[in-house]
Amino acid sequence: MSSGIESSAPGWINSLMETLGAPGAGIAIALENLFPPLPSEVILPMAGFAAGSGQMGLVAVLLWTTAGSVIGALALYGIGALLGRDRTVAIAARLPLLKVSDIERTEAWFARHGAKAVFFGRMIPIFRSLISVPAGVERMSLPLFLTLTTLGSAIWNTVFVLAGHTLGERWEDVTGYVSAYSKVVLAAAVLAVLLFVALRLLRPGAGSRRG
């Protein structure tokens, strides 16, 4: 690949794509789902640029990266399913500032909004991966989970792959916009956590276990 890509992307990503082509991009995205700090905002537009320069097919890139997203999400769903509600509640009971009643409210919220959370969560940095775990814990219907994950991932991946394909050698411009978007999302998450902690400190009390 060009030196422009090599100077801005982790070497292992270059090696995967150079060696395996579009399947390499899919593997990189699967790993990104399992390890959120890996840069999907670099992998996807870079793969789009590679497709635009004729190093791999555009349709193949879209199919393989979406397959990688689904495989990574399915692995995290499996972790959540293995963890199960009982272990989740046991862990929650040992954590400071967290009550079992919080888990119960989360369960109720997921029962009402789980489908939307899985679908739209695929388009939010960090949460793209994390949302698969509660889906597994709550044993969301696997066909429904796979359908929502595939659709959400396909939209997210297509936007960034096509952006890289369209921008060509300026594909790195995409990362700047995603970085700003990610910072806003992270700041909102941090504020939500701080608010949760503040409310817990102001209104202490023991949660009750559900029978």
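The structure reproduced in this document is the subject of the present report. Note that the structure is predicted; figures quoted are calculated from it, not measured.

Calculation rules
- Along each chain, numbering runs from 1 in the same order as the chain's sequence is written.
- Selection of residues for local features in this predicted model requires a pLDDT of at least 70, selection of side-chain atom pairs for listing and counting requires 80 or more, and totals for whole chains, interfaces and linings are taken over all residues.
- Think of the side-chain values as coming from all heavy atoms in the structure, minus any hydrogens and water.
- Each helix is a run of DSSP H or I of at least 4 residues and each strand a run of E of at least 2, with the numbering of both proceeding from the N terminus.
- Each residue gets one of three labels from its accessible area relative to the maximum for its type: buried under 20%, exposed over 50%, partly exposed in between, using a 1.4 Å probe on protein chains only.
- By definition, residues are in contact when any of their heavy atoms lie within 4.5 Å.
- Remark: nonpolar core denotes a set of buried residues (Ala, Val, Leu, Ile, Met, Phe, Trp, Tyr, Cys) joined through side-chain atoms within 4.5 Å.
- Helices are assigned an expected span. That span is 1.5 Å times one less than the residue count.
- In this description, a line fitted to the C-alpha atoms serves as the axis of each element, helices being fitted only across the stretch in contact, and the angle between N-to-C directions of two axes falls anywhere from 0 to 180 degrees.
- Under this scheme an angle from 65 to 115 degrees is roughly perpendicular, one under 35 degrees roughly parallel, and one over 145 degrees roughly antiparallel; angles in between are oblique.
- The handedness criterion is simple: a crossing whose near helix is rotated anticlockwise from the far helix by less than a right angle is left-handed, and one whose near helix is rotated clockwise is right-handed.
- Residues are grouped as follows: nonpolar covers Ala, Val, Leu, Ile, Met, Phe, Trp, Tyr, Cys and Pro; charged covers Asp, Glu, Lys and Arg; every other residue, Gly included, is treated as polar.
- Paired rings are identified among Phe, Tyr and Trp, the last through its six-membered ring, by centres lying within 6.5 Å, and are further divided according to the angle between planes into stacked (under 30 degrees), edge-to-face (over 60) and tilted (the rest).
- Candidate patch residues must exceed 30% relative accessible area and have no salt bridge, after which like charges are joined if within 9 Å and Val, Leu, Ile, Met, Phe, Trp or Tyr side chains if within 5 Å.
- The method behind every accessible area is Shrake-Rupley, applied with a 1.4 Å probe, and residues are considered shielded solely by the protein chains displayed.
- Salt bridge, as applied in this entry: a Lys or Arg side-chain nitrogen positioned within 4 Å of an Asp or Glu carboxyl oxygen.

**Points about the overall build of the protein**
Piece 1. Per the secondary structure count, the protein includes ten helices and zero strands.
Piece 2. Mapped in sequence order, the helices and strands of the protein form the string α-α-α-α-α-α-α-α-α-α.
Piece 3. Within the protein, the proportion of its 211 residues that are buried is 41%.
Piece 4. A separation threshold of at least 6 residues defines the contact pool for the protein, and within that pool the share at least 24 residues apart is 76%.

**Overview of the nonpolar core**
Piece 1. Membership of the largest hydrophobic core comes to 31 residues, with the highest contact counts inside it found for M17, M56, V61, V118, A135, M140 and F145.
Piece 2. Mapped by element, the contributors of at least two residues to this core are α2 (11–20), α3 (22–34), α4 (40–52), α5 (58–94), α6 (100–121) and α9 (142–167).
Piece 3. At six residues, α4 tops the list of elements feeding residues into this core.

**Description of α3**
Piece 1. The terminal C-alpha atoms of α3 lie 19 Å apart, and with 13 residues this matches the ideal 18 Å at 1.5 Å per residue to within 8%.
Piece 2. When α3 is considered as a whole, its buried residues turn out to be A22, G24, A25, G26, A28, I29, A30, E32 and N33.

**Looking at the packing of α4 against α9**
Piece 1. For the pair α4 and α9, the least separation of the axes is 6 Å and the interaxial angle reads 50°. As judged from the angle between their axes, α4 and α9 are oblique. The element α4 and its partner α9 pack so that their crossing is right-handed. Of the residues in α9, those touching α4 at S40, L44, P45, G48, F49, A51 and G52 are W156, N157, F160, V161, G164 and H165.
Piece 2. For the contact of α4 with α9, the residue count by class is seven nonpolar, six polar and no charged.

**Describing the packing of aromatic side chains**
Piece 1. Counted according to the given criterion, the structure contains three aromatic pairs.
Piece 2. Ring plane angle 50° and centroid distance 4.7 Å describe the contact between W156 and F160, whose orientation is recorded as tilted. Of this pair, W156 and F160 both sit in helix α9, four residues apart, which is roughly one turn of that helix.

**Thoughts on the environment of M46**
Piece 1. As for its placement among the helices and strands, M46 is situated in helix α4.
Piece 2. The buried category is assigned to M46, whose relative accessible area is 0%.
Piece 3. Each C-alpha atom, one on M46 and one on I13, is 9.6 Å from the other, the two residues being 33 residues apart in sequence.

**Considering the packing of α3 against α4**
Piece 1. Direction vectors running N to C along α3 and α4 enclose 165°, while the axes themselves pass 10 Å from each other. Relative to α4, the element α3 is oriented roughly antiparallel. For the crossing formed where α3 meets α4, the hand is left-handed. Here α3 contributes A25, A28, I29 and E32 to the contact with α4, which in turn contributes S40, I43, L44 and A47.
Piece 2. Grouping the constituent residues of the contact of α3 with α4 by class yields six nonpolar, one polar and one charged.

**Side note on unusual backbone geometry**
Piece 1. Even without being glycine, R139 reaches a positive phi, approximately 55°.
Piece 2. Tracing the backbone shows R139 in the loop between α8 (132–137) and α9.

**Some details on a nonpolar patch on the surface**
Piece 1. On the surface, W12, L20, I27, L31, L34 and F35 cluster together to form a nonpolar patch covering roughly 500 Å² of accessible area.
Piece 2. Secondary-structure elements contributing two or more residues to the nonpolar patch are α2 and α3.
Piece 3. With three residues, α3 is the largest single contributor of residues to the nonpolar patch.
Piece 4. Tracing the backbone shows I27 in helix α3.

**Examining α4**
Piece 1. Over its 13 residues, α4 extends 18 Å from the first C-alpha to the last, a length consistent with the 18 Å expected when each residue adds 1.5 Å.
Piece 2. Burial within α4 is extensive, with eleven of its 13 residues counted as buried.
Piece 3. Three or more residues of α4 are buried, namely S40, V42, I43, L44, P45, M46, A47, G48, F49, A50 and A51.
Piece 4. Where α4 terminates, the next one or two residues include G54, which has phi positive at roughly 85°.

Geometry only, nothing functional implied.
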